[in-house]
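# Working through the structure, step by step
One-letter residues, chain by chain:
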Amino acid sequence: MSQLMAFVIVIGILFIGDMVATRTKAWVPSMFICASLFLIGYWTFFPSDIVEVAGIPSSVATLLMYLLITNMGTLLSLQELKKQWKTVLIALSGILGIIVLLFTIGVLLFDFETMVVAIPPLVGGVVSALMMSEAAADAGLVTLSVFAIVIYVMQGFAGYPLTSFVLKKEGKKLLQQVRKGELKMKDTVEETAATTEEVELKLFKWLPEKYNTDFFKFFRLGIVAFFAYLVSTVLAPVVSISPFVLCLLFGVIATTLGFLEKQSLQKANGFGFAIMALMLFIFDGLKQATPSMMLEIIYPLIATIVIGVIGMYIFSMIVGKILKVSKEMAFAVSLTALYGFPADYIITNEVIKSLTDDEEERNILTSHMLPPMLVGGFITVTIVSVILAGLFVQFL
């Protein structure tokens, strides 16, 4: 198979996944469609190295992981997190619920290594799934390597309908308060927008804008990522810290100091390619999945998701009650761990649109419901899942 043919096939699969997700308003996750098509391909006519033939070897995927996670750090707004401190605590409590129940009930049903591999992808996105999949493969745990990917692919089926259900209950209660004149517009939406404005490059005030080219943005991202890798290597004899975790931390620091701007990778026009490459590399892991292996992991897959969601509900409800946040909103915030952005944005908006046709009512509901959902998804998927993956790979 030629490189261009391989490229057209694998990108065509990603496009079909996106198209189905858009058509079904994200109720059928694109990840599920793509994974199914890749599995069919591997079980029929795909060469096992189709992703590499298409131009995405493991070395490229690893490089892009460093850049993507560093870029994640540029998205962190400490100001917004302070304003949404209740949301942060609830999101963390939901993750704690997953960890506690899976390391107790889950370990009794299965084994410790299965739960170690399952947790980061369950509370995270493509990066944490890839980190756990690679770690399991390096440890010779082929089935668990596939399991990490399948968990990531399937978790949305639990997260989407549950989130929509609890948000509708929350939205109906808020709507009654709006119509009684008890609930007004929050300033949070405007404040959130304000915090997303471009951060000034304080360290490069002297540099004319025309020299802040795409290459200069990549160069600065590379420097920060390399520094994270260097620190991780230097600390290795004393303490083992994943370079990916340090990339996230250093990305935050570099943005705060003015060395990186927010969304550096997007502004360097490299984000789309990076995500595409990592998605393909994720699906490349499915080449080891035989039909018998898929049957073998169905039971732990379903049980892990169910136990994890129960843990999220219990812990988020308790913390929500302490912080005087409704159990519906608290549960919805914790559920963002199962899909993150942009699904959290899409689901919240779809729910609000289904509740009322009045534009003013929609705006009020949006001001109360959307900011916590966005912050929840950012905390769980962007930050905590990467940190957990960096810690958990040490257990394999």
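The structure displayed is predicted, hence computed values, not measured ones. (Residues numbered from 1 in each chain as written. Predicted model: local features only at pLDDT ≥ 70, side-chain atom pairs only at ≥ 80, totals over all residues. Heavy atoms only, no water.)

## Considering the overall build of the protein chain
Filter applied, for reference: In this text, helices come from DSSP runs of H or I with a minimum length of four residues, and strands from runs of E with a minimum of two, each type numbered from the N-terminal end. In this treatment the radius of gyration is a C-alpha quantity, and the globule benchmark scales as 2.2 Å times the residue count to the 0.38 power. For each residue, the accessible area found with a 1.4 Å probe, counting protein chains only, is set against the maximum for its type, and the residue is called buried under 20%, exposed over 50%, and partly exposed in between. Contacts are assigned to residue pairs with any non-hydrogen atoms lying within 4.5 Å of each other. Accessible surface is estimated by sampling points in the Shrake-Rupley manner with a 1.4 Å probe; for residues, cover comes only from the protein chains shown. Positive residues here are Lys and Arg, negative ones are Asp and Glu, while His and the chain termini are left out of the count. Just so you know, the charge point we use is NZ for Lys, CZ for Arg, CG for Asp and CD for Glu.
Each helix and strand in the protein chain was counted, giving 18 helices and zero strands. Whereas a compact globule of 396 residues would reach a radius of gyration of roughly 21 Å, the protein chain reaches 21 Å, a difference of no more than 12%. Viewed in the frame of its principal axes, the protein chain has a C-alpha envelope of about 65 × 60 × 45 Å. For the protein chain, the residues scored as buried account for 54% of the 396 residues in total. For the protein chain, contacts bridging at least 24 residues in sequence account for 83% of all contacts bridging at least 6. Total accessible area computed for the protein chain in this model is approximately 18,100 Å², and 67% of it derives from carbon and sulfur atoms. Taking the average location of the 26 positive side-chain charges in the protein chain and that of its 29 negative ones, the two points are 8 Å from each other.

## Digging into helix α4 (residues 58-74)
Along an α-helix, a turn takes 3.6 residues, which lines up residues three or four apart on a common side. Spelled out, the test is: Any helix carries an expected span of 1.5 Å times its number of residues minus one.
In a regular helix each residue adds 1.5 Å, so 17 residues correspond to 24 Å; α4 covers 25 Å between its end C-alpha atoms and thus fits that length. Burial analysis of α4 places twelve of its 17 residues in the buried class, which makes it a mostly covered element. Every buried residue belonging to α4 is among Ala61, Leu64, Met65, Tyr66, Leu67, Leu68, Ile69, Thr70, Asn71, Met72, Gly73 and Thr74, and all of these are buried.

## Some remarks on the packing of aromatic side chains
The cut-off we apply is this: Note on ring pairs: Phe, Tyr and Trp rings are taken, using the six-membered ring of Trp, and paired if centres are within 6.5 Å. Classes follow the plane angle, with under 30 degrees stacked, over 60 edge-to-face and the rest tilted. A ring is considered to have a charge above it if a Lys NZ or an Arg CZ atom is located within 6 Å of its centre and within 35 degrees of its normal.
Using the criterion set out here, one finds 17 aromatic pairs in the structure. A centroid spacing of 6.1 Å and a plane angle of 40° characterise the contact between phenylalanine 38 and tyrosine 42, whose relative ring orientation is tilted. A residue pair is termed a helical-turn pair when its members lie 3 or 4 positions apart in one helix, as phenylalanine 38 and tyrosine 42 do in helix α2 (residues 30-43) at four residues. For phenylalanine 38, a relative accessible area of 0% translates into the label buried. With a relative accessible area of 12%, tyrosine 42 lands in the buried category. Seen from their ring centres, phenylalanine 103 and phenylalanine 112 are 5.5 Å apart, and the 20° between their planes marks the pair as stacked. Accessibility expressed as a relative area gives 26% for phenylalanine 103, which makes it partly exposed. Taken together, the aromatic side chains of Phe38, Tyr42, Phe45, Phe46 and Phe283 make up a single cluster linked through ring pairs. The positively charged end of arginine 220 is found above the aromatic ring belonging to phenylalanine 204, 5.6 Å away from the centroid.

## Some details on the pattern of salt bridges
Condition: The term salt bridge refers to a side-chain nitrogen of Lys or Arg lying within 4 Å of a carboxyl oxygen of Asp or Glu.
This structure, assessed with the given rule, holds six salt bridges. When the shortest N-O distance is used, the salt bridge between glutamate 328 and lysine 173 registers 2.9 Å. Highlighted residues: glutamate 328 in helix α16 (residues 327-335) and lysine 173 in helix α9 (residues 142-179), separated in sequence by 155 residues. Judged by relative accessible area, which is 36%, lysine 173 ranks as partly exposed.

## A few points about the environment of leucine 335
Positionally, leucine 335 belongs in helix α16. Judged by relative accessible area, leucine 335 falls into the buried class, the value being 0%. Along the chain, leucine 335 and threonine 70 lie 265 residues apart, while their C-alpha atoms are 25 Å from each other. Excluding residues that lie within four positions of it along the chain, leucine 335 makes contacts with Leu162, Thr163, Val166 and Met312.

## Looking at the confidence of the model for the protein chain
Put simply, the test is: pLDDT runs from 0 to 100 and stands for how confident the predictor is about each residue.
Here the protein chain shows a mean pLDDT of 85. Residues at 70 or above account for 93%. Averaged pLDDT values over the elements of the protein chain bottom out at 43 in helix α10 (residues 188-195) and peak at 93 in helix α11 (residues 214-235). Counted against residues more than four places away or in other chains, residues 188-199, with its pLDDT under 50, gives 22 contacts.

## A closer look at the packing of helix α7 (residues 112-122) against helix α8 (residues 126-138)
Quick reminder of the rule: Axis geometry follows a simple rule: fit a line to the C-alpha atoms, using only the stretch in contact for helices, then measure angles between N-to-C directions, giving values from 0 to 180 degrees. Here is the rule for angles: anything less than 35 degrees is roughly parallel, anything more than 145 is roughly antiparallel, 65 through 115 is roughly perpendicular, and the remaining ranges are oblique. By definition, turning the near helix anticlockwise from the far helix through less than a right angle yields a left-handed crossing, and turning it clockwise yields a right-handed one. For this classification, the nonpolar set comprises Ala, Val, Leu, Ile, Met, Phe, Trp, Tyr, Cys and Pro, the charged set comprises Asp, Glu, Lys and Arg, and every other residue, Gly included, is treated as polar.
Their axes nearest at 7 Å, the elements α7 and α8 cross at an angle of 160°. The pairing of α7 with α8 is recorded here as roughly antiparallel in orientation. The chirality of how α7 crosses α8 is left-handed. Each of Val116, Val117, Pro120 and Pro121 in α7 lies in contact with α8, whose residues at this interface are Ser128, Ala129, Met132 and Ala136. Taken together, the residues of the contact of α7 with α8 sort by class into seven nonpolar, one polar and no charged.

## Observations concerning the packing of α2 against helix α14 (residues 271-284)
Direction vectors running N to C along α2 and α14 enclose 50°, while the axes themselves pass 10 Å from each other. Between α2 and α14, the angle falls in the class oblique. Handedness of the crossing formed by α2 with α14: right-handed. Facing Met31, Cys34, Ala35, Phe38 and Tyr42 of α2, the residues of α14 in contact are Met279, Leu280, Ile282, Phe283 and Asp284. Of the residues in the contact of α2 with α14, the class split is nine nonpolar, no polar and one charged.

## So, helix α12 (residues 243-257)
Helix length check: α12 (15 residues) gives 20 Å between terminal C-alpha atoms against 21 Å at 1.5 Å per residue, within 8%. For α12, a buried count of eleven out of 15 residues is recorded, marking the element as mostly surrounded by other parts of the structure. Looking at α12, one finds that the buried residues are Pro243, Phe244, Val245, Leu246, Cys247, Leu248, Phe250, Gly251, Val252, Ala254 and Thr255. Glycine 258 lies just past α12 and shows a positive phi near 90°.

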